[in-house]
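# Commentary on secondary and tertiary structure
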Amino acid sequence: MTDRKTIYLCLAHMSEDGQEQKYVQEAFDTNWVVPLGPNVNAFEQSLEQFVGQGKHVVALNSGTSAVHLALLGCGVSAGDEVCVQSFTFCASSHPITYLGAKPIFIGSEKDSWNMDPQLLEKAILDRKAKTGRYPKAIEVVSLYGMPYNVDRILAIAHKYNIPLIEDAAEGMGSCWKGRALGTFGRFGVLSFNGNKMITTSGGGALICSDAATKDKIMWYATQARDAYPYYQHTAIGYNYRLSNVSAGIGRGQMTVLDAHIAHHRHVQQLYQELLSNVPGVHIHSAPSPEYESNYWLCTAILDPDVKVQGQENAYKEIVTTAVGGAAGVIHAVDSASTDCQPNDNIEALRLYMLSKKIEARPLWKPMHKQPVYHDAPSYTNGVEEELFKVGFCLPAGPCVSDDDVSYIVQSIKEAIQSN
Ligand SMILES: *Cc1c(COP(=O)(O)O)cnc(C)c1O
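These numbers come from a predicted model, not from an experiment.

## What about the packing of helix α5 (residues 117-131) against helix α6 (residues 150-159)?
Two numbers describe how α5 lies on α6: the axes approach to 9 Å, and their chain directions differ by 15°. When the axis of α5 is compared with that of α6, the two are roughly parallel. Relative to α6, the crossing made by α5 is right-handed. Contacts between α5 and α6 pair P117, Q118, L120, E121 and I124 from the former with R152, I153, I156 and K159 from the latter.

## Examining the domain arrangement of the protein
Domains assigned within the protein are domain 1 (19-256) and domain 2 (258-415). When each unit is reduced to the centre of its C-alpha atoms, the spacing between domain 1 and domain 2 is 25 Å. In this assembly, 49 residues from domain 1 lie in contact with 38 residues from domain 2. Summed over both partners, the interface of domain 1 with domain 2 comes to about 3800 Å²; 64% of that surface belongs to carbon and sulfur atoms. Among the residues domain 1 hides against domain 2, the three largest losses belong to W113, Y144 and M197. Together they make up 23% of the total.

## Concerning the site of the ligand
Around the ligand, 15 residues are found, and the nearest of them are T64, D167, E170, S191 and K196. E170 has a polar side-chain atom sitting 2.5 Å from an oxygen atom of the ligand. Residue S191 places a side-chain N or O atom 2.7 Å away from an oxygen atom belonging to the ligand. Protein contacts shield 94% of the accessible area of the ligand, which totals 380 Å² for the unbound molecule. When grouped by side-chain class, the residues that make up the shell around the ligand number four nonpolar, eight polar and three charged.

## Some points on the packing of helix α3 (residues 63-73) against helix α7 (residues 211-221)
The geometry of α3 relative to α7 is characterised by a closest axis approach of 10 Å and an angle of 120° between their N-to-C directions. In this view, α3 runs oblique relative to α7, as classed from their interaxial angle. The two elements α3 and α7 meet at a crossing, and its hand is right-handed. Residue-level inspection shows L69, L72 and G73 of α3 in contact with α7, the latter providing I217, Y220 and A221.

Calculation notes
Residues numbered from 1 in each chain as written. Predicted model: local features only at pLDDT ≥ 70, side-chain atom pairs only at ≥ 80, totals over all residues. Heavy atoms only, no water. Axes fitted to C-alpha atoms, helices over the stretch in contact; angles between N-to-C directions. Helix = DSSP H or I, 4+ residues; strand = E, 2+ residues; numbered from the N terminus. Parallel < 35°, antiparallel > 145°, perpendicular 65-115°, else oblique. Left-handed = near helix turned anticlockwise from the far one by under 90°. Contact = heavy atoms within 4.5 Å. Domains from an automatic or database assignment. Buried area = accessible area lost by both parts, 1.4 Å probe. Near = heavy atom within 4 Å. Polar contact = N/O pair within 3.5 Å; in protein donor to acceptor, adjacent residues only side chain to side chain. Areas by Shrake-Rupley, 256 points an atom, 1.4 Å probe, with all protein chains shown as cover. Nonpolar A, V, L, I, M, F, W, Y, C, P; charged D, E, K, R; others polar.

As structure tokens, this is what we get:
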């Protein structure tokens, strides 16, 4: 098995019949090699069809841009507070700080791993008591594709009349009671980064509730140009529109989106079957049928008392690459561990899997435990901190075959056996 290729968490996967290249070629043939054009318009239309509910979609150059413009669209500005899920990737919260606003981190509930409605309400009331104002927006995340409890989060947003932003970057194709995530709040965020459900190489989209909002978001995404024959600006805009070349890839990817989602779900099912009788390993799955996850990544927890091969050496050496292989960008560190990190057996499992050419990763480190956010208020019961210590992600997606899943499960069994 030495010639095995590395099995990555989630790799981009193009259509078999080269649809992406066809549309990209069209962009070249018609000389639309710019951040607007026929591919962008058609991609937006097909996204609108996919999410339904009469929503309007703006294609952007990243999911992070989409979060940024959603906040702007909710009127968030310097000094405001925004309640955001702590258990997430940094792209959910960083744009809050781009605007000079303050993230208020909300903890997770045990069953969905997403924002805990009770903690959200507690935070809203406490912020009002402390600052005299309600938070300006609520931003909830569908972690690894799992929906949050839409009914309960929406009810709180309505009760206090605070706009809801759904960061569905990982939840494209996930539904709550049959309706697509990203269509419940004032705005919904999608990402087409290389590792997401579909890719445009890099890109994102903002789901808007009406045509006027879409226009306004497009205006902000194109440097906020007013209608004059020269450049006239009444607001600060951004250069966030998706390129017509990237949108060509996106149009091609829309032809395989349903197949991708079905495959992620199939892989999840296989893991559940094959890992069901492995003591100490628990796959995270939908708490009830309302939560229709796309299962972007398979996630699991490992009991703290499970011994993993090589565990005694965990965190002994400083890692010299950044997680996610961020294009070779490394910010060197001077210690091998931090005061909040996955258990030794999780780190040992990661290394064991790596030695078998399998990429396994820790869960997202909660944002309220990130040094950069040490000043930010947080409202949590510690659920996400505990999950971060015991959880890990396994490869999923269109490039992961049934045989790969068997091999991955076999490797997990080897890692925790022989104790
Ligand atoms: C991927 C992701 C985003 C957006 O990221 P981009 O790489 O900028 O497209 C936002 N939020 C979450 C939770 C994500 O996983």
